[in-house]
Amino acid sequence: MENQTIPRFAEVLLPRPLAGGFTYLIPEGMHALLRPGIRVLVQFGNRKIYSGIVLRLHDEKPEHHQPKAILEVLGPAIDDQRILQFWEWLASYYMCTPGEVMNVALPSRLKLESETQLFCPIEEEHWPGELSEAELEVLRLTRSNSETTLNDVVKFSGTGAVKLVRQLVDSGLLLIKESIKHQSLEKWVKVVRLRPDNDELIAGILSPTSRAKSQQNLLLAYYQIESTGQLVTREKLLEVSRASMSSLDALVEKGIFEIAEVKESSIIGRSGIQAYALTPAQNQALQQILDSFQRKRIALLHGVTSSGKTEIYVHLMKQVQQSGGQCLLLVPEIALTTQLIGRLRQFFGDQISLYHSRMTDRERTDVWESVRKAEPAGRLIVGARSALFLPYSDLRLVIIDEEHDPSYRQDAPNPRYQGRDAAIYLASLFDARVLLGSATPSIESYFNTQVGKYDLVELHQRYEGISLPTVEIIDLKATRKQGQLRGNFSHILLQAIEDALSRGKQSIIFQNRRGYAPRLVCTECGFIYMCQHCDITLTLHKAAQKLRCHYCGSEKSIPLTCSACGSTQLQLHGAGTEQIEDELTSYFPNARIERLDIDTARSKKRYQQLLTDMETGQIDILVGTQMVTKGLNFTKVEVVGVVNADNLLYFPEYRAHERAFQLLEQVAGRSGRSGQRGKVFIQTYTPQHPVLTHVCSHQYSDFYQWQATERREFHYPPYVRMIQLTLRHRDLKILQSAASQLAQSLTTISEISIIGPEFPPVARVSDYYRLRFLIKIPKNQSYLRIKNTLWYTCLSFFAHADYRRIRYTFEVDI
């Protein structure tokens, strides 16, 4: 039997925007530690050190250079090679580099990068006498701290210090080294234990005459937590007892408690309660889903708002949990699904993990390791699109809630991927089943049910048989003529809100525009206040007393006179949520009115408080942007008002009607979820618009047929594939010249049709002008071949010296 050849090299992927892995030499004695998915430490370039992930082991020596050796093995990051396969597919399909995928996929704790440190090896008395004061400051700083980085010097002496450092390095007074800090991936938790033989001491503290109330609370909380079968962590004990750390320290000093550290992975969480029994309609839908999974991998659950889709998700997740497999529940935005997560916590207790970009790096790394090791808390995952990158090994079910939501698409940075479609591919690698859920499915997903690619399961009955809300369209033009319009509100909508208030019911008012007013205009000369860095008007924010750009974030104080002509005749045009809230306060001074938009819900605590107040009836009227449309369940909401639907209907984008229908139908679904039938009032200047007609009937299938006919006729997805290519540059003339020449190059690809180059609705953002191409590709053409042609055409074109500084990005399946 021949000896098996031991591979001498490893292909290592680095978190850099580069076109693939790099070959490194495997040092003697390291072979047994290496396999695909292992993290290693390598040198890249002359000095920098990075942690990378081994893609494969091989024996192919590079022809034109001598590979560097791997410096150190850090341990496993990924155990299942299908995850690496998913990364490679994502880079190929969404036209970016594997390094960019890795950079987004891994928590920062798993991406080590060396820091440039400076040190002076020469004692101060031997320094040359002609040094400047600035050079002396830099040298003294590096002598006082042996771990001084270049960033430290810049912070201390300003950006001019970079030049000084370079001069000192050239003269030999400063030396440079690269340093990297290793971080443990295992989390340790402090647990509290009761020491034995302390019955008399404990009895004294718990006696009615004891004055140590805080210590009493700690002991009672300890017994309460222990009775549930959980380990008593220090954090949990302080939370339940509401005692101070000093009180706990006092009990430790008395010998009643001891505190020890244990690995978090050894803690078994509580399991939660039994799932609720399903209604007959829900049970039928669940059975249809299970039956469909025998025939196809993917099913679409089209359930009307408040039909109880979450309960169906819970039963499916329970089945996966009991089988020992892993389940991923994707949600559009974690911050907007607080209620859903709360309900899941009820059913699954601590045996469910959250994963999203707003978590700390420590928290993300803990979940990563829990999933990699398939621990109990790593089997049920609820997360935003970033949860797709976790290192699954036994994925059996993927549920995509609100699958139509545009938040599933990542806009920046690369990879610019569609989370829903990426989840479907990830599931295919594990032969896992996929359930898409929505009350207003995307046109693409519903199309796939019509052509037999997905199974369709429908749930048309609301929970407990409650009827869908009535929808009344209010013609603002006619209302204005009749003198029935007060500010932004029709008399009909104001009367409905007043009636709801009189019965102790709640109202939600939807205006998909934050701030007070989107434009400040001089009525004398027509001057409009615009952002200096973007081609967009500045929005007036009354609470902050600022004009703000909602694209780049720049702001300025509200002027008293026109900057162009000096006139004081400045007028606000349009209305945002702040103005709507102000108006309602003047109409209903005794009502409790709150606003829910990104400005009021910047902190998790504030957002949670608003939801709690709404649930407990402490808010009468909630004004909000599309944040009020997503997954909220308030049982006392009777009235929903849409201030101006025209803002949604007339956006220059082929999905505008689809998005408008989805938003209006979703916000309408917030009303009448318990008891009396809800009422929805939509104000508009175009009452006959087809989108509004379909919202009134709640007939999604009719809306789909209308949209499908239009898209087939004008060649838009799902009947063709479409890629958007966007170019960015600070100089408009250079950008236009490049776009014009690139258009000529693209016309040589005969299989595609091109719209553009054209300016998007906002042509300049953060001082960068933008031009874009829409590239349509027939479905009977090879998508992969055409994408490769586009990729290499652009790679060659933008290598030209004149256009090298132009930034370009692809957005696939736009």
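Residues numbered from 1 in each chain as written. Predicted model: local features only at pLDDT ≥ 70, side-chain atom pairs only at ≥ 80, totals over all residues. Heavy atoms only, no water.

Enquirer: Just to check I follow, could you spell out the overall build of the chain for this structure?
Expert: The number of helices and strands found in the chain is 25 helices and 34 strands. Taken over the C-alpha trace, the chain has a radius of gyration of 31 Å; the compact-globule value for 814 residues is 28 Å, and the two agree within 12%. Principal-axis analysis of the C-alpha atoms places the extent of the chain at approximately 90 × 85 × 75 Å. Classification of the 814 residues of the chain by burial places 51% in the buried group. Counted over contacts in the chain with a minimum sequence separation of 6, partners at least 24 positions apart contribute 75%. Carbon and sulfur atoms make up 48% of the accessible area of the chain, which amounts to about 37900 Å² in all. Both charge centroids of the chain, one from 95 positive and one from 89 negative side chains, sit 3 Å from each other. (Helix = DSSP H or I, 4+ residues; strand = E, 2+ residues; numbered from the N terminus. Rg over C-alpha atoms; globule rule 2.2 N^0.38 Å. Buried < 20%, exposed > 50% of the residue type's maximum accessible area, 1.4 Å probe, protein only. Contact = heavy atoms within 4.5 Å. Areas by Shrake-Rupley, 256 points an atom, 1.4 Å probe, with all protein chains shown as cover. Lys, Arg positive; Asp, Glu negative; His and termini not counted. Charge placed at Lys NZ, Arg CZ, Asp CG, Glu CD.)

Enquirer: So what exactly am I meant to see when it comes to the pairing of strand 11 (residues 326-330) here?
Expert: Regular strands place side chains that alternate from one sheet face to the opposite one. When you tally the buried positions in strand 11, you get five out of five residues, the bulk of the element. Neither face of strand 11 is open: one carries Gln326, Leu328 and Leu330, the other Cys327 and Leu329, and all of them are buried. Note that strand 11 and strand 14 (residues 395-401) share five bridges and pair parallel. Residue pairing across strands places Cys327 opposite Leu397, the latter belonging to strand 14. Taken together, the four bridges between strand 11 and strand 13 (residues 380-383) define a ladder with parallel strand orientation. Paired with Leu329 across the strands is Val382, a residue of strand 13. (Pairing = 2+ DSSP bridges.)

Enquirer: Help me out: how do you make sense of a nonpolar patch on the surface in this one?
Expert: Together, Leu206, Leu220 and Tyr223 make up an exposed nonpolar region whose accessible area comes to about 240 Å². As for its placement among the helices and strands, Tyr223 is situated in helix 7 (residues 213-227). By relative accessible area, Tyr223 is classed as partly exposed at 31%. (Patch = residues over 30% accessible without salt bridge, like charges linked within 9 Å, V, L, I, M, F, W, Y side chains within 5 Å. Salt bridge = Lys/Arg side-chain N within 4 Å of Asp/Glu carboxyl O.)

Enquirer: Even after reading the chapter, I still don't get the sheet that holds strand 20 (residues 506-510), so can you show me in this structure?
Expert: Paired through backbone hydrogen bonds, the strands of a sheet run either parallel or antiparallel to each other. Overall, parallel pairing links the six strands, which are arranged 17-29-28-20-27-26 in an open sheet. In this open sheet, the two edge strands, each paired with only one partner strand, are strand 17 (470-475) and strand 26 (593-596). Neighbour-to-neighbour, the strand axes of this sheet turn through a mean angle of 20°, independent of strand direction. Along the sheet, helix 22 (residues 690-697) makes contact with strand 17 and strand 29 (679-684), crossing strand 17 at roughly 150°. (Axes fitted to C-alpha atoms, helices over the stretch in contact; angles between N-to-C directions.)

Enquirer: Mind showing me how you'd approach the pattern of salt bridges here?
Expert: Pairs may arise between side chains of opposite charge once their charged atoms sit close together. Under the definition given, this model contains 34 salt bridges. Note that Arg140 is salt-bridged to Glu133, the shortest N-O span being 3.6 Å. In this structure, Glu638 and Arg503 form a salt bridge, with 2.1 Å as the shortest nitrogen-oxygen distance. Taken as a pair, Glu638 in strand 28 (residues 637-642) and Arg503 in the loop between helix 17 (491-502) and strand 20 lie far apart in primary sequence, 135 residues in all.

Enquirer: Help me out: how do you make sense of the environment of Phe447 in this one?
Expert: Along the chain, the position of Phe447 falls in helix 15 (residues 443-450). Dropping the residues within four chain positions of it, Phe447 is found in contact with Tyr704, Pro718, Tyr719 and Lys779.

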